[in-house]
Amino acid sequence: MKPATHTVDVQPEEHWEHTIDDSSTRAYKGWGEAFRYRDLLILFVRRDFVTLYKQTVLGPLWYIIQPLLTTLTFAVIFGGIAGISTDGLPKILFYLSGITFWTYFSETLLKISDTFYANQKLFGKVYFPRIILPVSISISNLFKLGIQLVIFLIIYVIYYVQSPSFGPTWHLALLPLLVLVEAVLGLSIGMIISSLTTKYRDLKFLIQFGIQLLMYASPIVYPLSTVSDRFKLIILANPMTGILEAVKYAFFGIGVFEWSYLLYSVCFTLVTFLLGMWIFKRVEKTFVDTI
Amino acid sequence: MAAKKILEVKNVAKQYRLGVVGTGTLSHDLNRWWYKARGLPDPYLSISQENKREEEGGEYVWALRDISFDMNEGEVLGIIGKNGAGKSTLLKVLSRITHPTKGSIKYNGRIASLLEVGTGFHPELTGRENIFLNGAILGMNKQEIAAKLDDIVDFAGVAKYIDTPVKRYSSGMTVRLGFAVAAHLEPEILIVDEVLAVGDADFQQRCVAKMEDVSKQGRTILFVSHNMNSVNQLCNRGLLMNNGTIEMMHDDIQEVTSRYLQDSLDSARRNVADRTDREGLGFVKLMNIEVVDQNKEPMVMALSGKPMFFRLTLMNSHPETATNIDLRVVLKNWREETIGFLHSKTSGQQIDLLPGENDVLVGFERNPLSKGRFVLDVGIRRSNIVEDKIQKALDFESFEERYYGVDYSTPNWFNGVLLEQKWVIG
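Note that this is a predicted model, so its numbers are computed, not measured.

A look at the overall build of chain A
Point 1. Within chain A, the regular secondary structure consists of 13 helices and one strand.
Point 2. Counting from the amino terminus, chain A carries its helices and strands in the arrangement β-α-α-α-α-α-α-α-α-α-α-α-α-α.
Point 3. Along the longest, intermediate and shortest principal axes, the C-alpha atoms of chain A span 90 × 45 × 40 Å.
Point 4. When the 291 residues of chain A are sorted by exposure, 51% land in the buried category.
Point 5. Accessible area of chain A: about 14,500 Å², with a carbon and sulfur share of 67%.

Brief notes about the sheet that holds strand S8 (residues 237-242) of chain B
All names here are of chain B.
Point 1. A sheet is described by the order of its strands in space; here six strands give the open sequence S5-S6-S7-S3-S8-S9, paired in mixed fashion. Strands at the two margins of the open sheet, each flanked by one partner only, are strand S5 (111-113) and strand S9 (245-250). The mean angle between the axes of side-by-side strands here comes to 20°, regardless of whether they run parallel or antiparallel.
Point 2. As paired elements, strand S3 (residues 76-81) and S8 share five bridges and run parallel to each other. Its bridge partner being in S8, Gly-78 is matched across the sheet by Gly-238.

A look at the interface of chain B and chain A
Point 1. Counting residues at the interface gives 56 residues for chain B and 47 residues for chain A.
Point 2. For the pair chain B and chain A, the summed buried surface comes to about 4,600 Å²; carbon and sulfur atoms form 58% of the total.
Point 3. Summed over the shared surface of chain B and chain A, the number is one salt bridge.
Point 4. Across the pair A:Arg46 and B:Glu129 runs a salt bridge, and its minimum N-O distance is 3.3 Å.
Point 5. Where chain B meets chain A, there are seven residue pairs in polar contact (both at pLDDT 80 or more).
Point 6. Within the side of chain B that touches chain A, the residues separate by chemical class into 20 nonpolar, 19 polar and 17 charged.
Point 7. Strand direction decides the pairing type here: strand S1 (residues 18-21) of chain A and strand S4 (residues 102-107) of chain B, joined by four bridges, are antiparallel. Of the residues in S4(B), the one forming a bridge with A:Ile20 is B:Ile105.

Some remarks on the packing of helix H8 (residues 175-197) of chain A against helix H9 (residues 203-216) of chain A
All names here are of chain A.
Point 1. Running from N to C, H8 and H9 cross one another at 155°; their axes reach a closest spacing of 10 Å. As far as their axial angle goes, H9 and H8 are roughly antiparallel. Between H8 and H9, the contacting residues are Ile-193, Leu-196 and Thr-197 on the first element and Leu-203, Lys-204 and Ile-207 on the second.
Point 2. Its residues assigned to classes, the contact of H8 with H9 shows four nonpolar, one polar and one charged.

A closer look at helix H3 (residues 87-94) of chain B
Residue and element names in this part refer to chain B.
Point 1. Of all eight residues in H3, six are buried; the element is thus mostly enclosed.
Point 2. Within H3, the full set of buried residues consists of Lys-87, Thr-89, Leu-90, Leu-91, Val-93 and Leu-94.
Point 3. Arg-96, located one to two residues past H3, shows a positive phi value of around 65°.

Points about the pattern of salt bridges
Residue and element names in this part refer to chain B.
Point 1. All chains considered together, the criterion is met by 20 salt bridges over all chains.
Point 2. As a salt-bridge pair, Lys-5 and Glu-8 come within 2.9 Å of each other at their nearest N and O atoms.
Point 3. Under the relative-accessibility criterion, Lys-5 is labelled buried at 8%.
Point 4. Salt-bridge contacts for Asp-395 lead to Arg-373; the nearest nitrogen and oxygen are separated by 3.3 Å. Highlighted residues: Asp-395 in strand S18 (residues 385-399) and Arg-373 in strand S17 (residues 372-382), separated in sequence by 22 residues.

A closer look at the side chain of B:Glu8
All names here are of chain B.
Point 1. Note on placement: Glu-8 falls in strand S1 (residues 5-17).
Point 2. The exposure class of Glu-8 is buried, given its relative accessible area of 5%.
Point 3. Polar contacts involving the side chain of Glu-8 include one to the side chain of Lys-5, which spans 2.9 Å.

Description of the packing of helix H4 (residues 91-112) of chain A against H8(A)
Residue and element names in this part refer to chain A.
Point 1. Contact geometry for H4 and H8: axes closest at 7 Å, N-to-C directions at 25°. Regarding the angle of H4 to H8, the classification is roughly parallel. Judged by the twist between their axes, the crossing of H4 over H8 is right-handed. Mapping the contact onto sequence places Phe-101, Tyr-104, Phe-105, Leu-109 and Ile-112 in H4 and Leu-175, Val-179, Glu-182, Ala-183, Leu-185, Gly-186, Leu-187, Ile-189, Gly-190, Met-191, Ile-193 and Ser-194 in H8.
Point 2. Taken together, the residues that form the contact of H4 with H8 break down as 13 nonpolar, three polar and one charged.

So, unusual backbone geometry
Point 1. In the Ramachandran plot, B:Lys296 falls in the positive-phi region, its phi being about 65° despite a non-glycine side chain.
Point 2. Among the residues examined, B:Lys296 registers a relative accessible area of 47% and is labelled partly exposed.

Section: the packing of aromatic side chains
Point 1. Applying the stated criterion across every chain yields a total of 29 aromatic pairs over all chains.
Point 2. Judged by centre distance (5.8 Å) and plane angle (35°), the ring pair of A:Tyr156 and A:Phe252 falls under tilted. Taken as a pair, A:Tyr156 in helix H7 (residues 132-162) and A:Phe252 in helix H11 (residues 239-252) lie far apart in primary sequence, 96 residues in all.
Point 3. Taken together, the ring pairs in this structure connect A:Phe101, A:Phe152, A:Tyr156, A:Tyr160, A:Phe166, A:Phe251 and A:Phe252 into an aromatic cluster.
Point 4. In this arrangement the basic side chain of A:Arg130 is found over the ring face of A:Phe128, its NZ or CZ atom lying 5.6 Å from the centre.
Point 5. Directly above the ring of A:Tyr127 sits B:Arg96, whose terminal nitrogen or CZ lies 4.0 Å from the centroid.

Let's talk about the sheet that holds strand S11 (residues 284-292) of chain B
Residues and elements named next belong to chain B.
Point 1. Spatially, the three strands line up as an open sheet ordered S11-S13-S16, and their pairing is antiparallel. Strands at the two margins of the open sheet, each flanked by one partner only, are S11 and strand S16 (356-364). For this sheet, the mean inter-axis angle between neighbouring strands, taken without regard to orientation, is 20°.
Point 2. Taken together, the eight bridges between S11 and strand S13 (residues 308-316) define a ladder with antiparallel strand orientation. Each bridged residue has a counterpart across the sheet, and for Val-284 the counterpart in S13 is Asn-316.

Topic: the layout of surface pockets
Residues and elements named next belong to chain A.
Point 1. Of the volumes computed, that of the second largest pocket is approximately 710 Å³.
Point 2. If you go around the second largest pocket, you meet 29 residues; those closest to its centre are Arg-47, Asp-48, Thr-51, Lys-111 and Ile-137.
Point 3. When residues of the lining of the second largest pocket are traced back to their parent elements, those giving at least two are helix H2 (38-54), H4, helix H5 (115-118), H7 and H9.
Point 4. Looking at the lining of the second largest pocket, its residues break down into eleven nonpolar, eleven polar and seven charged.

Re the environment of B:Glu297
Residue and element names in this part refer to chain B.
Point 1. Along the chain, Glu-297 falls in the loop between S11 and strand S12 (302-303).
Point 2. For the pair formed by Glu-297 and Gly-282, sequence separation is 15 residues and the distance between their alpha carbons is 28 Å.
Point 3. In contact with Glu-297, other than residues within four places in its own chain, are Val-291 and Val-292.

Here we look at the pairing of strand S6 (residues 189-193) of chain B
Residues and elements named next belong to chain B.
Point 1. With respect to burial, S6 is a largely interior element, five of its five residues being buried.
Point 2. Residues Ile-189, Ile-191 and Asp-193 of S6 are buried on one face, and the alternating residues Leu-190 and Val-192, pointing to the opposite face, are buried as well.
Point 3. For S5 and S6, the ladder comprises three bridges, and the chain directions are parallel. Within the sheet, the bridge partner assigned to Ala-112 lies in S6 and is Leu-190.

About the cut-offs
Residues numbered from 1 in each chain as written. Chains lettered and ligands numbered in written order. Predicted model: local features only at pLDDT ≥ 70, side-chain atom pairs only at ≥ 80, totals over all residues. Heavy atoms only, no water. Helix = DSSP H or I, 4+ residues; strand = E, 2+ residues; numbered from the N terminus. Buried < 20%, exposed > 50% of the residue type's maximum accessible area, 1.4 Å probe, protein only. Areas by Shrake-Rupley, 256 points an atom, 1.4 Å probe, with all protein chains shown as cover. Pairing = 2+ DSSP bridges. Axes fitted to C-alpha atoms, helices over the stretch in contact; angles between N-to-C directions. Contact = heavy atoms within 4.5 Å. Buried area = accessible area lost by both parts, 1.4 Å probe. Salt bridge = Lys/Arg side-chain N within 4 Å of Asp/Glu carboxyl O. Polar contact = N/O pair within 3.5 Å; in protein donor to acceptor, adjacent residues only side chain to side chain. Nonpolar A, V, L, I, M, F, W, Y, C, P; charged D, E, K, R; others polar. Parallel < 35°, antiparallel > 145°, perpendicular 65-115°, else oblique. Left-handed = near helix turned anticlockwise from the far one by under 90°. Phe/Tyr/Trp six-rings, centres within 6.5 Å; stacked < 30°, edge-to-face > 60°. Lys NZ or Arg CZ within 6 Å of the ring centre and 35° of its normal. 1 Å grid on protein atoms, 1.4 Å probe; cavity = no way out; pocket = protein on both sides within 12 Å on 5 of 7 lines; lining within 4 Å. Points joined across faces, edges and corners; volume = space filled by probe spheres on them.

Here you go:
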């Protein structure tokens, strides 16, 4: 088959810049490549931001209305009718803080879990390190978190001026770390689900429910301090519990702050991240064939 | 100086799993598990044959098998083969869209393809923003794109609208912009899939022009095409694929293209009688169709300006002579645009068919077709009732040589009928 002229006569040491082969056992070497595509990451984030900015007024406004409406609903149902404690905090502030930080996590997770499916056309046409897309989503969603954080801070200041029964603690310095853990956790779980949905398409319907369930297993509509010992272990097994309680402690000096809870969240996130990367790497190679 | 190896494909194989009944959803897998747990047979494998096929490995298909070849810097490799031969799969594997099941691919530099025009364009973003985004998706970094921005804008001819959202562009402008970005990629290895560019002659022409340009710069190109003329013209090596394997690889591109043409002629000759995708009563049927010369000898390729006939072998299964036969041959180019119509009735030809097989010849003393691939549809009617109708009954290649008696031939993009023409100057 091969003509003789093309068997290279003397090539002492063959050097290849890229190798594609079937070895799936080899450790992931794609980080260097993903780094070379960093401009693409920035441009994806920029795209999301610019398209958000270019939308009608109602688009960004919705990001404000959504958490506020949810907060009001919670305040009426859980605070008013059910009479669940808010650790002595104004109800609006208590729910809004939880919802703001929860929303970033849940929306990042949900959007990333759709990565393969939503981008199959793009992925089917051109190669770039697939990991870029989910990472860009978790970064883009930070803008939304920023907008919602501003609203939260405005309401925070209004309440603080009226009755300073609460106040920020030095734990506020932990806030970037808390957001980072949320980002990585959302990214990791999202990648796992995204990978699984290439095989199990109906998993998508379970996610919505699962997210809601996880929300009620997080201290958003109730403070951790009121959870009875019977349920405490379940609630503490949720990695978001430590983060959300830390957020509340940082802003209000109220809640249960334990380094061990936080450490658990970080460890859980790291393990999930490694698992997510592993599954994602396995699926990204051939998902185009099956989706 | 020995040429430098730039791409090495070794024993590459790609397996696809056919859509199997019952996979793909969690509920099915759970159901399967529930049946298994109760000791019942798999509910989605009730047909025993299905099971057997699985044992035989029948639910898997090898789209590529044992593909090995090397390429040196500056080579232009033409990849040809029938639809389904594995060309597209090979390109997908080479461009890393999907992973090979077996084997390895090693290369230096960047592989990019001219098929993903405008991939990732966002309608809300401006032309400029989309150039950057699209360029980055194709693997360029910011500095590279910024350095080529002016060229890209010029090439696409959208300078005026560069800060307008792409949603306000005409579709032509969007395609031009997308192509401009892809064309300014400077990959070490370029993949051009002309097959996918069907339908837009202008675009196809630009692709080929760009390719010629790139190959002059000494870069490596893999070119997939159905147009043997462009392959012959542009490539210096050829790879013929068949059934997922390499049927032939040769340094003389002509050898490879003529083998392909011979193959397709052979298969066309075999196929017509067996084809079931036809309409009509079927009492009179087309059994065979081929390109012949004035001596009724089959031709591998038709030459423009020379005698060319289509020999239609018709089967009359009536016990008596079938009269009043209306025979139509629709000539199409490879973009499937109708370019000619040969009709027995309008040309005043009475056709009667004896019982059994009859040969009918229709054609030209002087073949008026330009270079390129052509397709024929055949229809047979009798007293205005369709007896047989078969699409793409034959495809064949025509070569253009001094049709008008001068050394020039029509440009590559032209795939049609050569008209007698008269020019008057002054």
